[in-house]
Amino acid sequence: MHERHIRLGSLTARLLLPDERYGHDVAQIFGTSLQAPDWAPVAGIGAEIAFEERPGGRADSGPQVPMDGMVLMHDPLRPEIHTEALSLYLNLDIHPARIRLDVVRLDLPHFDLCVHLAVAFHKLLFLMDRVVLHGAAISVDDKVCLFLGDKGAGKSTIALKLARAGGTVLGEDHLILRRTGDGFVVSGCDERSRLTAKTEEFFFDDPLDIVPKDFAGTMKKEVPAGELFTSVPYTDGPVTHLFFPKVGNRLLPARLSRKELLLELMRATGKLQRFVDLADRTRFLELLAAFTPSVEGYRLELSEDLADLDDLVTFVRALPARGS
């Protein structure tokens, strides 16, 4: 059995693995990395996840899972998550939380297994009051601005621009929103930054000595984030402003009402979740509804001309800081 540590935002988890590839797969899904067992102090561990290979082990005792489906056993402290390939048994009544993850299908192609791991870990984090976001989070002048958008929305470029203007990047791709007793905080998983050729040409006098790779159909250069800007992944920050960027013709922030903000947030986050029943969906919506009153929301149209990002820096700096 291999012991490794992984950080999913500000959550540090101890993984017990019969095969290290499971840990590498989870790390790849969330843009983070595996670490040696002595990397984080034991006191900082928030969850222990023990993987076990049990082919066919659920046939008699576990629920019947529909093809491409999921079964969620609702228990506030000891819920269960079941897919065709995985069964997760959670104990949230202790600290660190204990999770047993049984791999019950060893015959699946690697890609299919990774899909099951992604679905299961998104649900696992949600049951721990965490929601995974696809976006960038930057701390600027006592504000934490969150930019949520699909591929090509300009999140990495915005992060680099605000960082060069004095901001600190919490994350620029995989973020985790966490509900606390006092409200909501966000942290990043990313240890790397990915640059398109256009962004590289705009920000750097000379090309970076890195071979570009294909990321979901777009060629980008991957660089350790700390080499480009001040980066503090895994650090919680209270979100103050939420933006939904898309590339258009000009820089145009448009303030959202509470209802509009909630709808945009549902669209941005729901696609990463697999809902199994009304109770599951209702709990998710309740979490989003509790989050939206604490932030100001904007639709953000961006210009194709990256020089216009100077105006975005000016706009962000003029926003009120938290509590003002």
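Located above this text is the structure these notes cover.
Keep in mind that this is a model prediction, so the values were computed, not measured.

Take the pairing of strand β19 (residues 296–302) next. Extensive coverage of β19 is indicated by the burial of six of its seven residues. As judged from the seven bridges shared by strand β17 (residues 241–247) and β19, these two strands associate in the parallel manner. Looking across to β19, one finds that L242 is bridged to G297.

A few words on the sheet that holds strand β16 (residues 218–224). Across a sheet, paired strands are connected by hydrogen bonds in the backbone, their directions being either parallel or antiparallel. Judged by pairing direction, the sheet is antiparallel, and its three strands sit side by side in the order β14-β16-β15 without closing on themselves. For this open sheet the edge positions go to β14 (192–195) and β15 (213–215), each flanked by a neighbour on one side alone. Across the sheet, the axes of successive neighbouring strands diverge by a mean angle of 55 degrees, strand direction being ignored. Here four bridges tie β14 to β16, and the two strands are oriented antiparallel to one another. Each bridged residue has a counterpart across the sheet, and for L195 the counterpart in β16 is K221.

Along helix α1 (residues 20–29), the residues classified as buried are Y22, G23, D25, V26, A27 and I29. The opening residue of α1, the one whose side-chain oxygen lies 3.0 Å from the backbone nitrogen of R21, is D19. Of the residues trailing α1, G31 is marked for its positive phi of about 70 degrees.

Moving on, we come to the packing of helix α5 (residues 258–270) against helix α6 (residues 278–291). Where α5 contacts α6, the axes come no closer than 10 Å and their chain directions differ by 130 degrees. One way to sum up the angle between α5 and α6 is to call them oblique. Handedness of the α5/α6 crossing: right-handed. Seen from α5, the contacting residues are L262, L265, M266, T269 and G270; seen from α6, they are F284, L285, L288, A289 and F291. Its residues placed into classes, the contact of α5 with α6 shows eight nonpolar, two polar and no charged.

Under the counting rule described, the total for this entry stands at 22 salt bridges. For the salt bridge of R54 with E52, the shortest nitrogen-to-oxygen distance reads 2.7 Å. Since its relative accessible area comes to 26%, E52 is described here as partly exposed. Of the charged contacts in the structure, one is a salt bridge between R192 and E222, with a shortest N-O distance of 3.4 Å. Pair noted here: R192 is in strand β14 and E222 is in strand β16, with a separation of 30 residues, a long-range link. Looking at R192, the relative accessible area reads 23%, which means it is partly exposed. Connected via shared salt-bridge partners are E52, R54, R100 and D102.

Criteria and thresholds
Residues numbered from 1 in each chain as written. Predicted model: local features only at pLDDT ≥ 70, side-chain atom pairs only at ≥ 80, totals over all residues. Heavy atoms only, no water. Buried < 20%, exposed > 50% of the residue type's maximum accessible area, 1.4 Å probe, protein only. Helix = DSSP H or I, 4+ residues; strand = E, 2+ residues; numbered from the N terminus. Pairing = 2+ DSSP bridges. Axes fitted to C-alpha atoms, helices over the stretch in contact; angles between N-to-C directions. Polar contact = N/O pair within 3.5 Å; in protein donor to acceptor, adjacent residues only side chain to side chain. Parallel < 35°, antiparallel > 145°, perpendicular 65-115°, else oblique. Left-handed = near helix turned anticlockwise from the far one by under 90°. Contact = heavy atoms within 4.5 Å. Nonpolar A, V, L, I, M, F, W, Y, C, P; charged D, E, K, R; others polar. Salt bridge = Lys/Arg side-chain N within 4 Å of Asp/Glu carboxyl O.

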